[in-house]
Amino acid sequence: MTRTLPAGLTANAVVAASSANLGPGFDSLGLALSIYDEITVETTRSGLVVDVEGEGEGQVPLDSTHLVVRAIERGLDTLGVTAPGLIVRCRNAIPHSRGLGSSAAAVVGGLAAANGLAAQIDCTPMTEAELIQVSSEFEGHPDNAAAAVCGGAVVSWTDGEGDERRYAAAPIRLHPDINLFVGIPQVRSSTAETRVLLPEQVSHHAARFNLSRAALLVVALSERPDLLLSATEDVLHQTQRAPAMPASAEFLAVLRRCGIAAVLSGAGPAVLALSTRSQLPEEAVRCAADRGFRVVKTSVGNGVKWASGVTAGSSNK
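Below is a summary of the structure that appears in this document. (Residues numbered from 1 in each chain as written. Predicted model: local features only at pLDDT ≥ 70, side-chain atom pairs only at ≥ 80, totals over all residues. Heavy atoms only, no water.)

### Observations concerning the layout of surface pockets
Point 1. Considered as a void within the structure, the largest pocket measures approximately 820 Å³ in volume.
Point 2. What lines the largest pocket is a set of 42 residues, and nearest its centre among them are Leu67, Ser102, Ser103, Ala104 and Glu139.
Point 3. Put simply, the parts of the chain that give the lining of the largest pocket at least two residues each are strand E3 (29-44), helix H1 (67-79), strand E6 (85-92), helix H2 (102-118), helix H3 (128-139), helix H4 (143-150) and helix H5 (191-195).
Point 4. Among the residues making up the lining of the largest pocket, the classes are represented as 15 nonpolar, 18 polar and nine charged. (1 Å grid on protein atoms, 1.4 Å probe; cavity = no way out; pocket = protein on both sides within 12 Å on 5 of 7 lines; lining within 4 Å. Points joined across faces, edges and corners; volume = space filled by probe spheres on them. Helix = DSSP H or I, 4+ residues; strand = E, 2+ residues; numbered from the N terminus. Nonpolar A, V, L, I, M, F, W, Y, C, P; charged D, E, K, R; others polar.)

Structure, rendered in C-alpha cells:
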C-alpha cells in the first residue's frame, strides 16, 4: 500500500563525480572523484519546481523529465511512498557530458534524496546494495553508479539477463600514494555517441590483453602503484574512440609518454591521470593548456550522503 508524504518535508543528498573503465576495466571498474553535486528536495501539496545552478544551468529540462526528478520518483516508488508535489534544487559542480559520471550522480543523488524523505515517515531506506541495483538500472551497467554510491574505487559486475539482471560491486582499497588529476575539456561528448564506434566483436588477443590488464590494475590501485602505467593499457575502446575526440587522444598520449598512467574518463572526452607524483610534468601541462583542458588535481570521492531536513554533509544514513 502506497503512503503519501506530507508537505513540508526536506531532504538533502551530496554525491560525487566518477570515472569509469580506468583504461582496461570496460564497464566494470569505477572511481569516485571529490567533485560533488548537491540536491535539496522539499515536499509540497502539489506541482513540481526544479531549480538548477552551476553545471547544466540553462541547458537541462526543468520538468518531470529532469533526471534527478525521475530518480526521486523512482526511489519513492521503490520505497512505497508518493509525494503530491516537489521542489527540487540542484547545485551542480560535476561537468556534464565529459565522462565524469554526471548522469550517474543525478540518479544516485535523487535516489538518496528519496531515502531522506521516506525516512521521515519511518520507512526503511534503500540499502547500499539496493541503491546500486536501482541506480544501475537507469544506465544498464553499474560502474559509475556503484562508485557514486560507495565512494572510492570499485569493481562492479552484472548477473542475469532482462528483468532478472542484478548489479553488484565490491570496494578496492586505493593506495594512499596515488594522486588523481582530471583534464576537463571545453568540448562535450556522450556515451551513446561514442559507444557506436566500438566493434561488436573483439579478437581473443584483445580480450586476453584487457583481461590481464584489468586484473593487474586491481593490484596496481591497491598495492603496487608502480605498475599503473602498464596496468592502464587498453585495446578495447580508447583507440576506437580517439577519432571522435582527437584533443583527448593527444593529451592522453602526451601524459603516457611522460610516464603518467592516463586514461579516458569513461567514454571521454575528459582524461584521468593517476600518478605517485604530486604534479604533472610541464610538457603535459602545456599540452593541456594548448588543447583547451582545465586540469584539476582531485582526490578520491566519498560515497553518497543523505540526510533528512539537515545539511547532507553532516550525516550519512
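After that view, the rundown keeps rolling.
### Notes on the pattern of salt bridges
Point 1. Scanning the entire structure with this criterion turns up nine salt bridges.
Point 2. Among the ionic pairs, Glu223 bridges to Arg173, the shortest N-O distance being 3.4 Å. Of the two residues, Glu223 is situated in the loop between helix H6 (204-222) and helix H7 (228-231) and Arg173 in the loop between strand E8 (166-172) and strand E9 (179-185); the sequence distance between them amounts to 50 residues.
Point 3. Given a relative accessible area of 48%, Arg173 falls into the partly exposed group.
Point 4. Three or more residues are tied together by salt bridges with common partners; here these are Asp51, Glu53 and Arg91. (Salt bridge = Lys/Arg side-chain N within 4 Å of Asp/Glu carboxyl O. Buried < 20%, exposed > 50% of the residue type's maximum accessible area, 1.4 Å probe, protein only.)

### Focus: unusual backbone geometry
Point 1. Of note, the bond from Gly268 into Pro269 is cis; its omega dihedral lies within 30 degrees of zero at 5°.
Point 2. Tracing the backbone through its elements, the reader meets Pro269 in the loop between strand E10 (261-264) and strand E11 (271-275).
Point 3. At Asn21, a residue that is not glycine, the phi angle is positive and equals roughly 80°.
Point 4. With respect to the helices, strands and loops of the structure, Asn21 is situated in the loop between strand E2 (10-20) and E3.
Point 5. A positive phi angle is found at Leu22, which is not glycine, with a value near 55°.
Point 6. Checked against the element boundaries, Leu22 lands in the loop between E2 and E3.

### Here's the deal with the sheet that holds E9
Point 1. With respect to topology, four strands assemble into an open sheet ordered E10-E11-E9-E12, the strand pairing being antiparallel. Every other strand in the sheet has two partners, leaving E10 and strand E12 (293-298) as the edge strands with one partner each. Going across the sheet, the axis of each strand differs from the next one's by a mean of 20°, ignoring polarity.
Point 2. The sheet contact formed by E10 and E11 spans four bridges and is antiparallel. Note that in E11 the partner of Leu264 across the bridge is Val271.
Point 3. Across the sheet, helix H9 (residues 246-257) is in contact with E9, E10, E11 and E12; its angle to E10 comes to roughly 165°. (Pairing = 2+ DSSP bridges. Axes fitted to C-alpha atoms, helices over the stretch in contact; angles between N-to-C directions. Contact = heavy atoms within 4.5 Å.)

### Overview of the nonpolar core
Point 1. Counting 72 residues, the largest nonpolar core has Leu31, Val88 and Leu221 as the members making the most contacts within it.
Point 2. The dominant element in this core, judged by the number of residues it contributes, is H2, at ten residues.
Point 3. Residues within four places of Leu31 in sequence aside, it is in contact with Ala17, Ser18, Ser19, Leu22, Ala147, Gly152, Ala153, Leu174, Leu180, Leu272, Leu274 and Val300.
Point 4. Judged by nonpolar contacts, the second largest core, of 17 residues, contains Val254, Val271, Ala288 and Phe293. (Core = buried A, V, L, I, M, F, W, Y, C linked by side-chain atoms within 4.5 Å.)

### What to know about the packing of aromatic side chains
For any pair of aromatic rings, the description consists of the separation of the ring centres together with the inter-plane angle of the planes.
Point 1. In this structure the tally under the stated criterion is one aromatic pair.
Point 2. Between Phe251 and Phe293 the ring centres are 4.9 Å apart and the planes differ by 40°, which places this aromatic pair in the tilted class. Of this pair, Phe251 sits in helix H9 while Phe293 sits in strand E12, and the two are 42 residues apart along the sequence. Here Phe251 and Phe293 have matching classes, each one buried.
Point 3. Over the ring of Phe209 we find Arg213, and its NZ or CZ is 4.1 Å from the ring centre. (Phe/Tyr/Trp six-rings, centres within 6.5 Å; stacked < 30°, edge-to-face > 60°. Lys NZ or Arg CZ within 6 Å of the ring centre and 35° of its normal.)

### Structural notes on the pairing of E3
Point 1. As paired elements, E2 and E3 share eleven bridges and run antiparallel to each other. Pairing of Ser19 across the sheet is with Leu31, part of E3.
Point 2. Across three bridges, E3 lies against strand E7 (residues 153-159) in antiparallel orientation. What sits directly across from Leu29, in E7, is Val155.
Point 3. Pairing of E3 with E6 involves seven bridges; the strand directions are antiparallel. Within E6, the position partnered with Thr43 by the bridge is Leu86.

### What to know about the side chain of Ser135
Point 1. Looking at the secondary structure, you find Ser135 in helix H3.
Point 2. Of the residues examined, Ser135 reaches a relative accessible area of 2% and is grouped as buried.
Point 3. When near neighbours in sequence (up to four residues on either side) are disregarded, Ser135 contacts Val107, Val108, Leu111, Ala145 and Val149.

Function cannot be inferred from these measures alone, as they are strictly geometric.
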